[in-house]
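Coordinate analysis (summary)
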Amino acid sequence: MDADKRRESRSWDWDSPHCRAQLDEIFFRQHDYIQAGSPEHKEFWAFFDRFQRFKTKRDMSGSGATRREDREKGKDRRKTSKVDLGLPQEYDARYRINVSVCTRDIEERLGRTEHRSKQRSSGPGSQEISDCRLALLHFLDFSQRQSFGKLAKLRREQKNLPIFQYRDKIVGLVRSHSVVVVAGDTGCGKSTQVPQYLLSAGFDHIACTQPRRIACISLAKRVSFESLNQYGSKVGYQIRFETTRTTATKLLFLTEGLLLRQIQQDKTLAQYQVVIVDEVHERHLHCDFLLGVLRSLLADHPDLRLILMSATINIKLFSDYFNSAPVLQVPGRLFPIQVIYQPIPPEEQSSRTEKLDPRPYLRILQAIDQRYPPEERGDLLLFLSGVAEISTIQEACQVYATHTSRWIVFDIAPPGVRKCIISTNIAETSVTIDGVRFVVDSGKVKEMSFDPKAKLQRLQEFWISQASSEQRKGRAGRTGPGVCYRLYAESDYNAFASYPVPEIHRVALDSLILQMKSMCLGDPLSFVFIDPPPAASIQTALTYLKEQGALDSCGELTPIGTLLAQLPVDVVIGKMLVLGSLFNLVESVLTVAAALSVQSPFLRSSQHNPDCATARQPLHSNQGDPFTLLNTFNAWVEVSKHVKSCDMFDTVSMYVFIYLSSTGEGTERWRLKEVVQEERLGGAATRNAPSGSDREQRRKRLTERRKLHQMKRDHEQQEGGKRKVLRLDEGQDGEFSSGSDTEEASKGKKDKTEQNIDIQEVKFKLRHNVSELQEAVGVGQDLSSRQQALLKLLLCRGLYPQLALPDEHNSTRKDSEQVFHTKNKQGVVIHPTSVFASDPEVLHVPEDDNSEMGPDRKDSSRHQLLAFVTLLETNKPYLSNCVRVPALQALLLVANSVDSNADCTRLIVDGWLELELREPEEALKVLSKALTLRAELERLLHVQLQQSKLGEAAVQGMSRRSIEKLGEGLVRFLLYTEVTYSLRRLTAFQTQNLYIGPHSDSELSHTNAPGLSLLVPGGEAKPDPIKGGLSVTNFFTYNCLTDSRDLYSECLRIFWSCPNCDLYMPLTPLERMQHEASCRPAGEQQQLEEEPESAKTGPSSMSSLTRVYHCNVCNEDLTLTSTEILKHKRQHMYSAK
Amino acid sequence: MEPTTNESPRNTFTCQLCDLSSPFIYYGQKPPNTRAIVLLEECFVTKDPFSPDKEKFLVLGSTCSLCSACVCVGSDCSLFYTKRFCMQCVNKHLDQFPHQIQAELAKRKHSSKAAVS
């Protein structure tokens, strides 16, 4: 009968798209559960084909017989059962599906088509419709089973986690104790499960901190998924400037640094009920500090629940710190691990500068191949100390792997092939890698240490601690019994330290101390840290912050310090931002600051690639590396404007650009901009879009965003769930992941890069308004030489005191042997990635300009210094991210200490650089100019800071013009000062006898007479109590150097006429400088008057320049200008004599 | 904090046999956004968390038509054959089920035993 019907509608063809479309009209209309064109719809038709084939096969094998048999059995069963279940007698798979598709409207249609089918039309007959419906039912049932299977599996996995059986215990402990320590090794499930246990136990407002941003995002995703999105937006993450947090958020993953910032705003942390601090064993600076802050905060917020989660390392320390808090230790799921000590023989041990010898590692690979059959799966995890070591070993392993075809490096290995993962200590506790059976432990780790005296960072290799060693071993026993090869002797192991040195003992504490100050935590030396840092470290940081002007002499925050504490960047970069916002250079400074605060976008490994070098060439700026970064960023934005995604990149430049987008420079920049705007620094930067086109633009942007979101979703769907199985020939181009937060893109093998670039770009565009960025870049692009000079000054002032002096003999040395000196470290070299490593000539003093004055003295007007971002010692001390600046000008404008002799021809800067100017007249002029410019800069900065507190309104009119004026003055000073001088570093001996020191009754004593303490802008010139001489401003001390050629030149008066006013009289150098500092050109005085600030002081044009001066001789308060004061004093002086 | 504590047990489906538990958003035969689709039994339904499309539903379980036990749809816990039966009831009345089902259950029992031994 079935066959008859099928014959009847012979014109029906299931494979015809037309016929299928007709059924789509019935089952998959636009408002239906599954819509035509959707992915499910596609899946359905694929399913349909399989289903039809299955049916045909079953029909052929003749199920009729079984059916009859079934009927008979059914009769029997009626008799035996007590209860009649009323089940249908004939089995049909259809009865096992609990879904039906409501067919009322289809039946209507059916009536019509049945009619038609009798007339042999091509529409679907009732048979076709019911076939399709049946398939649909089976399809729905199938997808239900599939999803439910996943859910069941997820729940099973959750239950199987070691931590699951402690669920109630954990909740109970948290209810009864304010602090609980949960200790368990990686993979026990603490990070994902504990927050969920608390959520389902009814806790609200849970914060869970993570040391890494990427962990915040992935944990939020994972927990949200595991809780089946039941909490929807209730699970979120928040990292610097990026958040999914809403008012409904109950569980928030955030970075430690961010929680600290929140505490800064909300002293008692009232917004949270529970704070979980995860990975406390990693002992990061922020984490240690956070624990200290939370500890003192618990007193003010007794209801707060604090949970510390740790690997099983040094748990007692944490428990003791919190008043013997209860510890819940979750035993790990660990299989037995065989430990094999295989110390490296002396002949294969490499010295500090040599490459690592790969032989010991290859022997282990070989041994594994010999001992374990390839059918026994199990991958190898190799712990090395750093990137260079990884690439050395990786190269060697690759050769071995190609040779044996038994190994592969990264991702999932095909059966019979082992994967070899080479990692730094990052894989000890922080990354979970499945399938590892063998571990090779080099026993080494590279750690950053900090020398507070030289302010030098050192990246050195150390033996690991026993704790790390055990963690590494543990990675072999996660999925089954494993083997750990240790490339050291058991006696070495016994000599290892028990625990790694916490970061707080190893790094510069500048930012930490600044933050402590801004959180009003009192004296940093008496703060109760879990493991207090050395007092010397704290002291160094305090001194540094004072030098930087962030703290005043009493150690209290200055206005700029307060601002810097709020900026989530390094003090140095913060300073640049503040300065950049003063001048009209925000866009460029933002880019540079962002680029400097993330990893370099330039790959070290690609440096040896000649094509790569050529591609980069046009981006290079011999002004300095920050300018190269700026060019690169601008070029990248420019390129992404003109061409669609990746087709424009040749593979080489692609490396550059993909790194830019993936290391998040753009992102970082964007974030910084937000901060700057938030802090109301960016007054000039925020141009208001014309309001008419505003809405239009917003709408366009919205549509664009929607499209991008769709692209991202599609990409995720494509990628989602698919596990990558590696091909053996892949990944041999020397690629490796860097093991940092930004490693995502670096995993991309060459052939996958294109796809990667797309999604990176989409993600980037999602986060940022690219057209706005392009506009901003347009502003920042093609800096004029004036802007460039100014930008350099800002960078230099930010970076100060990180300055390096080129060695005087550099011009006679090879390019690769150029040497530099910093104040505290001699003989440093430029990092090979820096532009000055390849182009050192630009730092040399031009030959023709060079008139020899003696064996050690080169006079020139073109001496230069390097301002650098980092001084890092690896095998040599390297300067990286350098920018060159004109020496004299830069020093006078940024240095904290400038000391002069009597005629100002000899200057000592910061006690280590000596400048000798040839012409006294020129010397006086340049010094005087610098003093004036600096005073104005300080004044405007102060006003700006004041205003950033008060609000933006007042800024605009007030100082725009003075800022432009100052900018111009600075540029002129930087670019057109033609003063001939020599520049050299003082020897240790010379620095001992620099100053005359305080003098009581020497010949010069009359300079200290009260009558001579002249008023200068910003304060009174007082005798310097240590150096001697007169401290004229907070950075300039006059005539304090011992070797003043002429003891009387100080009081020697030379006739001088002021270019601004009609003053013409004999003045000492100091008097002249002081006059110049206060006397302005007539035009400028007019302007000053217009400023609202001066309006406050009084209406008369003179009033802005006058001040109240108390004359001790007359014993009277006089209102005079500086010049008048000078004249007034002289009057007394002459009469006294 | 209070509302959630009260809320959560009310909206959580828990299988009485395997203890699987999960929050549900709907109980009945016509989950939201299902259009032409109707369930043939009263079910505990949630949004399908594994579907990128948020509109999809997922049946977690229902009540046994004989003993009214709350059971999940997992094949170890229940079976649907025109009605929902929990595994305990199925085993009690095994002879009333068609032999296809009996064979299938026997086979599964066998294979799970094999896996254990």
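Remember, it's a predicted structure, so these values are computed and weren't measured experimentally.

1. Observations regarding the overall build of chain B
Broken down by element type, chain B carries 3 helices and 9 strands. For chain B, the sequential pattern of α-helices and β-strands runs α-β-β-β-β-β-β-β-β-β-α-α. Burial statistics for chain B: of 117 residues in total, 45% are counted as buried. Partitioning the intrachain contacts of chain B with sequence separation of at least 6 by distance along the chain shows that 21% fall at a separation of at least 24. Here chain B has roughly 5,900 Å² of accessible surface; of this, 53% comes from carbon and sulfur atoms.

2. Overview of the sheet that holds strand β5 (residues 43-47) of chain B
Read across the open sheet, the 4 strands follow the order β3-β5-β6-β7 (chain B); overall the sheet is antiparallel. The sheet terminates laterally at β3 (26-28) and β7 (70-72) of chain B, the two strands that pair on one side only. Strand-to-strand twist across the sheet, computed as the mean angle between neighbouring axes with direction ignored, equals 30°. Summarising the sheet, β3(B) and β5(B) pair through 3 bridges and their orientation is antiparallel. Pairing of B:G28 across the sheet is with B:C43, part of β5(B). Sheet strands in contact with helix α6 (residues 126-160) of chain A are β6 (57-63) and β7 of chain B, and its direction is about 80° off that of β6(B).

3. Quick look at the packing of helix α21 (residues 571-582) of chain A against helix α30 (residues 785-799) of chain A
Residues and elements named next belong to chain A. Relative orientation of the contacting elements α21 and α30 amounts to 145°, with a least axis distance of 8 Å. For the pair α21 and α30, the crossing hand works out as right-handed. Residues V572, K575, M576, L579 and G580 of α21 form the contact with α30, whose participating residues are L794, L795, R797, G798 and L799. A breakdown of the residues in the contact of α21 with α30 according to their chemical character gives 6 nonpolar, 2 polar and 2 charged.

4. Some thoughts on the packing of aromatic side chains
Here the structure, examined in full by the defined rule, presents 27 aromatic pairs over all chains. Seen from their ring centres, A:Y33 and B:F57 are 5.2 Å apart, and the 50° between their planes marks the pair as tilted. Here A:Y33, found in the loop between α2 (17-27) and α3 (39-60), pairs with B:F57, found in strand β6, and the two come from separate chains. A residue is classified by how much of its surface remains accessible, and A:Y33, at 10% relative accessible area, is buried. Connected via pairs of aromatic rings, a cluster forms that spans A:W14, A:F27, A:F28, A:F44, A:W45, A:F47, A:F48, A:F51, A:F139 and A:F142. Across from the ring centre of A:F1035, 3.5 Å away, lies the NZ or CZ of A:R934, which sits over that ring. Sitting over the face of the ring of A:Y33, B:K56 holds its NZ or CZ atom 4.3 Å from the ring centroid.

5. Structural notes on the interface of chain A and chain B
Many authors give the size of an interface as the accessible area that is lost as the parts come together. If you look at the interface, chain A gives 48 residues, while chain B gives 52 residues. Between chain A and chain B, roughly 4,600 Å² of surface is buried when both sides are summed, and carbon and sulfur atoms account for 59% of that area. Contact with chain B buries surface across chain A, with A:Y33, A:L85 and A:N98 losing the most and accounting together for 17% of the total. Our count for the chain A to chain B interface comes out at 1 salt bridge.

6. Observations concerning the sheet that holds strand β8 (residues 305-310) of chain A
The strand order β5-β4-β6-β3-β7-β8-β2-β9 (chain A) describes an open sheet built from 8 strands, whose pairing is mixed. Both outer strands of the open sheet, β5 (242-243) and β9 (327-330) of chain A, are each paired with one neighbouring strand and no more.

7. Describing the pairing of strand β4 (residues 235-239) of chain A
All names here are of chain A. Within β4, 5 of the 5 residues are buried, which leaves the element mostly enclosed by the surrounding structure. Residue alternation in β4 divides its side chains into two sets, V235, Y237 and I239 and G236 and Q238, and both sets are buried. Pairing of β4 with β5 involves 2 bridges; the strand directions are antiparallel. Pairing of Q238 across the sheet is with T243, part of β5.

8. Side note on the packing of α6(A) against helix α9 (residues 213-226) of chain A
Residue and element names in this part refer to chain A. The contact between α6 and α9 brings their axes to 11 Å, and the two run at 115°. As the angle between them shows, α6 and α9 are arranged roughly perpendicular. Where α6 approaches α9, its residues L154, R155 and Q158 are matched on the opposing element by R222, F225 and E226. Taken together, the residues that form the contact of α6 with α9 break down as 2 nonpolar, 1 polar and 3 charged.

9. Side note on helix α8 (residues 190-200) of chain A
The buried fraction of α8(A) is high, at 10 of 11 residues. One or two steps after α8(A), the chain reaches A:G202, where phi turns positive at roughly 100°.

10. A word on the nonpolar core
All names here are of chain A. With 137 residues, the main nonpolar core has V275, V277 and F583 as its most contacted residues. If you tally residues by element for this core, the top one is helix α33 (residues 920-950), at 11 residues. If we skip the residues at most four places from it in the chain, V277 touches T209, C287, L290, L291, L294, L306, I307, L308 and M309. I170, V174, F203 and F253 belong to the second largest nonpolar core, which has 33 residues in total.

11. As for helix α19 (residues 535-547) of chain A
Residue and element names in this part refer to chain A. With 13 residues, α19 should reach 18 Å at 1.5 Å per residue; the first-to-last C-alpha distance of 18 Å fits that figure. Among the residues of α19, those classed as buried are S537, I538, T540, A541, L542, Y544 and L545. Residues of α19 that are buried sit in contact with α18 (510-518) and α21. Two residues or fewer after α19 comes G549, characterised by a positive phi angle close to 80°.

12. Focus: the confidence of the model for chain B
All names here are of chain B. Across chain B, pLDDT averages 84, with 86% of residues at or above 70. The spread of mean pLDDT over the elements of chain B runs between helix α1 (residues 2-10), the lowest at 42, and β7, the highest at 95. Low pLDDT (under 50) marks residues 1-9, which in the prediction has 9 contacts with non-local residues, meaning those over four places away or in another chain.

13. Comments concerning the side chain of B:H99
Counting through the fold element by element, B:H99 comes out in helix α3 (residues 99-116). One polar contact links B:H99 to B:Q100, side chain to side chain, over a distance of 3.4 Å.

14. Overview of the confidence of the model for chain A
Residue and element names in this part refer to chain A. Per-residue pLDDT for chain A has a mean of 76; in total, 70% of the residues score no lower than 70. The spread of mean pLDDT over the elements of chain A runs between helix α25 (residues 651-662), the lowest at 36, and strand β7 (residues 274-277), the highest at 96. Every residue in residues 64-75 scores below 50 in pLDDT, and together they form 11 contacts with partners more than four places removed in sequence or on other chains. Low pLDDT, under 50, characterises residues 1001-1019; the stretch is placed with 32 contacts to residues that sit more than four places away or in other chains.

Conventions used here
Residues numbered from 1 in each chain as written. Chains lettered and ligands numbered in written order. Predicted model: local features only at pLDDT ≥ 70, side-chain atom pairs only at ≥ 80, totals over all residues. Heavy atoms only, no water. Helix = DSSP H or I, 4+ residues; strand = E, 2+ residues; numbered from the N terminus. Buried < 20%, exposed > 50% of the residue type's maximum accessible area, 1.4 Å probe, protein only. Contact = heavy atoms within 4.5 Å. Areas by Shrake-Rupley, 256 points an atom, 1.4 Å probe, with all protein chains shown as cover. Pairing = 2+ DSSP bridges. Axes fitted to C-alpha atoms, helices over the stretch in contact; angles between N-to-C directions. Left-handed = near helix turned anticlockwise from the far one by under 90°. Nonpolar A, V, L, I, M, F, W, Y, C, P; charged D, E, K, R; others polar. Phe/Tyr/Trp six-rings, centres within 6.5 Å; stacked < 30°, edge-to-face > 60°. Lys NZ or Arg CZ within 6 Å of the ring centre and 35° of its normal. Buried area = accessible area lost by both parts, 1.4 Å probe. Salt bridge = Lys/Arg side-chain N within 4 Å of Asp/Glu carboxyl O. Parallel < 35°, antiparallel > 145°, perpendicular 65-115°, else oblique. Core = buried A, V, L, I, M, F, W, Y, C linked by side-chain atoms within 4.5 Å. Expected span 1.5 Å × (residues − 1). pLDDT = per-residue confidence, 0-100. Polar contact = N/O pair within 3.5 Å; in protein donor to acceptor, adjacent residues only side chain to side chain.

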